[in-house]
Amino acid sequence: MSASPHRRPTGRRRLALAGAATLVAAGLGAVPLVVKADAVAPADLAHGVLPARDGWAASGSGTTGGRAADAAHVFTVSTRAELARALAAGPADAPRIVRVKGLIDAGTDDNGKPQSCADHAAGTGYALESYLKAYDPAVWGRAKVPSGAQEDARRAAQARQAARMVFTVPARTTVIGVPGTGAGITGGSLVVKNADNVIIRNLSLTDVRDCFPQWDPTDGSTGNWNSAYDAVSLRGATHVWVDHNSFSDAPHPDSANPVRFGREYQVHDGALDITNASDLVTVGYNTFSNHDKTMLIGSSDKDTKLRVTLHHNVFRGIVQRAPLARVGQIHLYDNYYDTTASEGYAHSYSINSRAGAQVVAQNNYWSLSSDRKTSQLLSGDGTGAIAGSGNLVGGAPVDLVAAHNSASPGKKIKTTVDWRPTLTAGLEPAAGLPAKLAGTAGKSGKAGAGVLTETGGKAAPAPSGPAGGRTLTVAADGSAAHRSVQAAIDAATAGDTVLVARGTYRETVNVPASKHGLTLKGATGHAEDVVITYDNASGTPKPGGGTYGTAGSATATFSAHDITVTGVTVENTWERSAHPDVRDTQAVAVNASGDRQKYLNSRFIGHQDTVLNWAPSATGQYRQYFRPCFIAGDVDFVFGNATAVYDHVNITLRDRGAVAGGLGGYLAAPNTDAAKSYGILITDSTISSPARPGTYYLGRPWHPGASAVGQLVIRNTSLPAAVKTEGPWTDMGGFSWKSARFAEYANTGPGAGTGANRPQLGADQAASHTARAYLAGTDDWNPTD
């Protein structure tokens with residue numbers, strides 16, 4: 001038997017599929033589904049983790065939120081009461097995923113009845129008329145803050161409102177909106193306090209209104225009304241990822257606020273505030289619109305830590321604080337600031353750096369209204385620093401600090417910082433930001449406004465530029481340069497990006513070796529939105545005669561070195577049950593056969609042989625890195641002779657139904673050459689399955705020739721009950737698994753175990769079986785950095 005994957009022996013596995021397959025949908029346990037790309041979308045999105053190098057929150061252990069949640073701690077909520085219960089469900093340190101379906105009104109009681117400000121105040125003794133009378137500056141004066149009976153009553157009423165509208169998000173939690181449901185929270189505040197490892201994604205957060213603002217006559221020269229609640233508040237929080245949300249005051253703009261004591265009766269506070277020594281935070285692809293005090297970083301000028309990254313956010317129709325940074329190392333890159341659509345919110349400034357703040361502002365873009373100047377984009381008190389370059393105003397390069405300092409010589413902003421950003425995933429020139437991000441601006445603040453990164457999900461026009469750095473766009477509806485993915489690849493040269501709009505593309509895709517350095521990118525950033533699908537199998541007849549073979553059955557073949565595939569789904573939908581006449585049932589989704597390949601934030605779905613990790617030269621250096629991806633299959637669906645690392649991925653062992661002997665299937669089938677130390681590594685991942693307990697093998701050694709001695713390590717990974725705990729490895733084609741190089745280390749979950757048939761690495765050995773060790777090669781490649 002040849003080591004080539006183009007035709008593998010038909011006796012290797014010919015197991016029929018009886019009945020409908022099932023997949024584990026996050027938050028729903030084992031749910032019977034017809035297997036389609038959209039069937040696994042909730043699992044992928046809800047279990048998503050922050051990509052490597054994506055801002056400060058990627059530091060150290062990274063940010064994974066509730067990825068490790070068990071079935072008992074995955075919730076789908078649609079009411080205020082359900083949201084509160086899900087966040088409080090014990091134990092407190094359990095990883096959890098809270099899926100928000102539809103728009104939750106936080107201003108309701110446990111029965112869903114709307115609660116008014118008067119309801120919150122009932123029984124407290126608070127009345128606005130009495131409060132205004134007690135603290136009228138003509139009576140109370142302006143030298144001290146209010147105190148006494150009415151202030152105590154106001155605080156009591158405010159506390160009653162807080163009990164309804166403030167939701168405390170515990171550590172190791174993902175709160176995420178269900179796509180397509182208008183997911184969000186209106187009138188509610190998410191607070192992450194002294195908690196680590198939290199993800200907040202895909203939500204519309206609107207109209208967080210304080211019924212009981214406090215009057216402070218000492219705030220400024222004329223006093224101010226101050227409210228208490230932010231849409232999202234991070235206080236002493238660490239490793240937090242805030243992604244693809246929209247923030248707005250709608251439908252209650254500040255223009256609806258009355259004036260009392262000569263000042264606006266302000267009922268809104270911050271949109272997103274990061275304070276009280278919060279640290280390692282990434283805020284990306286969010287929309288902030290129609291708001292005043294948008295983002296505060298640092299509770300005071302003496303706050304600490306506060307390492308924060310803001311990238312690819314839209315600030316439109318906001319007054320100030322985008323952000324106001326008092327302390328910390330703040331990286332602002334590829335954000336889009338639009339002051340042309342105020343809708344009643346008059347722009348004051350965008351970025352304020354003061355005290356200990358060290359801001360690096362890089363590759364941001366401003367669209368200015370006719371009444372604003374470049375010198376008005378920054379603010380400060382003369383103590384902060386802003387460095388950086390590549391910023392554009394109206395498409396023209398500008399020195400933001402020089403413009404500010406020239407206009408405000410008494411409050412000059414410093415231009416040097418003592419740190420350099422390195423966690424810069426997705427950093428790009430500013431010129432394309434308006435076209436790329438304008439669709440996320442969400443002028444009305446409606447639910448879902450922050451979800452897309454392309455207007456209507458369509459690809460932006462390709463920018464002009466030299467070959468090797470172009471963006472070629474694809475949209476199935478004809479709104480882009482190409483209708484098919486392959487057409488754009490054919491037109492691309494090495495180093496180009498193929499940007500694919502939302503849609504389903506029924507085609508096979510081939511990236512030949514000549515297209516090295518190519519990037520294939522889904523335009524929305526969500527893999528479930530961009531689906532490349534086909535249904536060939538190894539035994540499927542070819543139009544010109546013969547059959548495709550295993551490798552030839554692939555929906556997508558990537559043969560080029562140094563490619564990146566991100567934000568897409570690639571699936572092979574071929575079903576055994578629909579083709580009983582076909583004996584060769586291998587049906588590959590992805591054929592990865594190049595070196596230094598990265599597969600990020602994507603989904604790969606099939607049955608048998610989903611992902612082929614292939615080294616055309618069996619002893620050559622071919623490395624492929626997957627993170628954070630979703631992979632589904634049932635027989636040998638991670639296989640091949642290349643060196644492949646699956647890092648922080650979610651893997652589903654699909655249920656094949658009542659096959660002969662009750663066998664569930666096999667996860668992996670490596671055929672690593674004996675001359676190579678490293679084959680396949682699955683690390684820090686989650687494997688789940690709806691199959692019956694004890695029916696799945698973790699792997700078996702594919703042995704097509706004498707030099708193939710499969711190598712596979714699964715470590716620090718959660719294993720489901722479907723795994724055979726007494727012996728998860730098995731022979732293949734007469735070759736004993738004990739002659740292969742299989743091992744585990746520190747796995748958890750109901751499918752984990754030890755014993756004579758479960759070889760374990762020692763701690764010293766485990767130190768040599770890391771993603772870094774597998775991928776370094778002779779050129780010290782490190783995609784995990």
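Residues numbered from 1 in each chain as written. Predicted model: local features only at pLDDT ≥ 70, side-chain atom pairs only at ≥ 80, totals over all residues. Heavy atoms only, no water.

*Asks:* Explain the side chain of serine 248 here, please?
*Replies:* Of note, serine 248 is situated in strand β16 (residues 246–248). Within the structure, the side chain of serine 248 is placed 3.0 Å from the backbone nitrogen of alanine 250, a separation counted as a polar contact. (Helix = DSSP H or I, 4+ residues; strand = E, 2+ residues; numbered from the N terminus. Polar contact = N/O pair within 3.5 Å; in protein donor to acceptor, adjacent residues only side chain to side chain.)

*Asks:* When you look at the side chain of aspartate 673 in this model, what are you seeing that I'm missing?
*Replies:* Its location among the elements puts aspartate 673 in the loop between β51 (665–670) and β52 (680–683). Buried charge without a partner: aspartate 673 forms no salt bridge, and the closest opposite charge is arginine 741, 7.0 Å away. At a separation of 3.1 Å, a polar atom in the side chain of aspartate 673 contacts the side chain of serine 707. If we skip the residues at most four places from it in the chain, aspartate 673 touches Ala618, Thr619, Ser707 and Arg741. (Buried < 20%, exposed > 50% of the residue type's maximum accessible area, 1.4 Å probe, protein only. Lys, Arg positive; Asp, Glu negative; His and termini not counted. Salt bridge = Lys/Arg side-chain N within 4 Å of Asp/Glu carboxyl O. Contact = heavy atoms within 4.5 Å.)

*Asks:* So what exactly am I meant to see when it comes to the pattern of salt bridges here?
*Replies:* Pairing between side chains becomes possible if they bear opposite charge and their charged atoms approach one another. Per the counting criterion, the structure on display carries 26 salt bridges. Here arginine 201 makes a salt bridge to aspartate 243, at a shortest N to O gap of 2.7 Å. With arginine 201 in strand β10 (residues 196–201) and aspartate 243 in strand β15 (residues 238–243), this residue pair connects regions lying 42 residues apart in the sequence. Residue arginine 201 shares its accessibility class with aspartate 243, and that shared class is buried. For arginine 623, the salt bridge is made with aspartate 595, and the minimal N-O distance between the two is 2.9 Å. In this pair, arginine 623 is assigned in strand β46 (residues 623–626) and aspartate 595 in the loop between β42 (590–592) and β43 (597–600), connecting sequence segments 28 residues apart. Aspartate 595 carries the same exposure label as arginine 623, and that label is buried. One network of salt bridges, in which partners are shared, links Asp562, Asp595, Arg596, Arg623 and Asp779.

*Asks:* Can you help me understand the sheet that holds strand β50 (residues 650–653) in this one?
*Replies:* The strands making up a sheet associate through backbone hydrogen bonding, with each pair oriented either parallel or antiparallel. The sheet built from seven strands is open, its strands ordered β35-β38-β41-β44-β47-β50-β53 with parallel pairing. Of all the strands in the sheet, the pair left with one neighbour each is β35 (503–506) and β53 (686–688). Going across the sheet, the axis of each strand differs from the next one's by a mean of 15 degrees, ignoring polarity. Sheet topology places strand β44 (residues 603–605) next to strand β47 (residues 630–633); three bridges connect them, and they run parallel. Residue pairing in the sheet places isoleucine 605 in a bridge with alanine 632 of β47. (Pairing = 2+ DSSP bridges. Axes fitted to C-alpha atoms, helices over the stretch in contact; angles between N-to-C directions.)

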